[in-house]
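Single-letter residue listing:
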Amino acid sequence: MTTAGAPARSGGPRLNVDWQPLALLLGLMALALPLMGSASSWATLTLAGLAMGLIIFIIASGLTLVFGLMDVLNFGHGVFIALGAFMATTVMGGMSAWTGEGSSLAANLVAVGLASLAGMAVAGAAGLVFERVLVRPVYGMHLKQILITMGGMIIGEECIKLLWGAQLVPLPVPEGLRGSLLLGEVAIEKFRLLAVVLGLAVFASLLWVLNRTKLGLLIRAGVQDREMVESLGYRIRRLFVAVFVAGSALAGLGGVMWGLYQQGVTPQIGAQVNTLIFIVIIIGGLGSTLGCFVGALAVGLMANYCGFLFPKAALFSSIGLMVAVLMWRPQGLYPVGAR
């Protein structure tokens, strides 16, 4: 196993996993259990927190991927989240017969699937333009990346207002995904179950692509020694553009899920979630996929537990968790190699 300070040398997690950070999740669960009124309340909040964490992971995974493999600090990531969410309102608004009363669960899943694909496609296309116009001139210059991508997000928000308006647009959960399933005294929301399945699928896919495919090998090799890989005939620039587009598409998918979770979308949705995303990737370790996964779950659990036990402190729970983690591991739960 790796030690606490042993860095991974790429954006993907190492096969020899440091299990100590995973104990953080178990510790949060164990600390919350005696504070709850009953075991059923604890189980319900825990499952809800894990589902929320997986939605956050989907949103943050694209930014983690881009930074881990391209060393790009994209503060405009929220634009792609908002685009995905607004495309979901457009697609699902035109499929009311598939999502309203009397519709089947299969029709609901098809509608959500089509909305997700549309959100990913539009966000990915916007990411391609974003990379070519704004990011490409500032590769390797972090301060300029922060400034220019923040400017890009502001411009993107104004463009969204022109297309969809500045007001809240409802995005209700389809009829078949509303309500909860009861397992004894434990209630599990149907939509959160979908979020769990989708989040785990995204996590498993990222691990597989980065660690088990030739594409992942080439990308990670390009991060380590770009000149050598290019000398073998591979076009690393195109691979990196593909990574940026994939990260943007994942943000669009996360935007769809977050919009459904909030049941409404505003042009500021991306900017509002941006802070939470950066808290997650700082907790996990900048550029670490596994760290992002564990950090997102920890943030989801903390938000649900504090929202139930200490409502006034819920807004600051994520920041408090980040401070505690950084005091334990200053580089995050799964730090990547020094840049």
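It should be emphasised that the depicted structure is a prediction, and the values quoted were computed from it without experimental measurement.

*Asks:* Describe the pairing of strand 3 (residues 186-189), listing the residues and the values that go with them.
*Replies:* Each regular strand carries side chains that alternate between the two faces of the sheet. Every second residue of strand 3 is oriented toward a common face, the buried set being Val 186 and Ile 188 and the non-buried set Ala 187 and Glu 189. Strand direction decides the pairing type here: strand 2 (residues 180-183) and strand 3, joined by four bridges, are antiparallel. In the sheet register, Leu 181 faces strand 3, and the bridge partner there is Ile 188. With antiparallel pairing between neighbouring strands as the criterion, strand 2 and strand 3 make up a hairpin whose turn holds two residues, including Gly 184 at a positive phi of roughly 70°.

*Asks:* Please set out the environment of Asn 108 residue by residue, giving values where relevant.
*Replies:* By the element assignment, Asn 108 lies in helix 5 (residues 105-135). If we skip the residues at most four places from it in the chain, Asn 108 touches Trp 98, Thr 99, Ser 103, Pro 174, Glu 175, Gly 176 and Leu 177. Among the polar contacts made by the side chain of Asn 108, one reaches the main-chain carbonyl oxygen of Trp 98 at a distance of 2.6 Å.

*Asks:* Outline the packing of helix 7 (residues 190-212) against helix 10 (residues 236-262), supporting the account with residue identities and numerical values.
*Replies:* One way to put it is that helix 7 packs onto helix 10 with a least axis distance of 11 Å and a crossing angle of 165°. If you check the angle between helix 7 and helix 10, you find them roughly antiparallel. At the point where helix 7 passes helix 10, the crossing takes the left-handed sense. Contacts between helix 7 and helix 10 pair Phe 191, Arg 192, Ala 195, Leu 198, Val 202 and Leu 206 from the former with Leu 250, Leu 253, Met 257, Leu 260 and Tyr 261 from the latter. Here the residues of the contact of helix 7 with helix 10 are counted per class, giving 10 nonpolar, no polar and one charged.

What counts as what
- Residues numbered from 1 in each chain as written.
- Predicted model: local features only at pLDDT ≥ 70, side-chain atom pairs only at ≥ 80, totals over all residues.
- Heavy atoms only, no water.
- Buried < 20%, exposed > 50% of the residue type's maximum accessible area, 1.4 Å probe, protein only.
- Helix = DSSP H or I, 4+ residues; strand = E, 2+ residues; numbered from the N terminus.
- Pairing = 2+ DSSP bridges.
- Contact = heavy atoms within 4.5 Å.
- Polar contact = N/O pair within 3.5 Å; in protein donor to acceptor, adjacent residues only side chain to side chain.
- Axes fitted to C-alpha atoms, helices over the stretch in contact; angles between N-to-C directions.
- Parallel < 35°, antiparallel > 145°, perpendicular 65-115°, else oblique.
- Left-handed = near helix turned anticlockwise from the far one by under 90°.
- Nonpolar A, V, L, I, M, F, W, Y, C, P; charged D, E, K, R; others polar.

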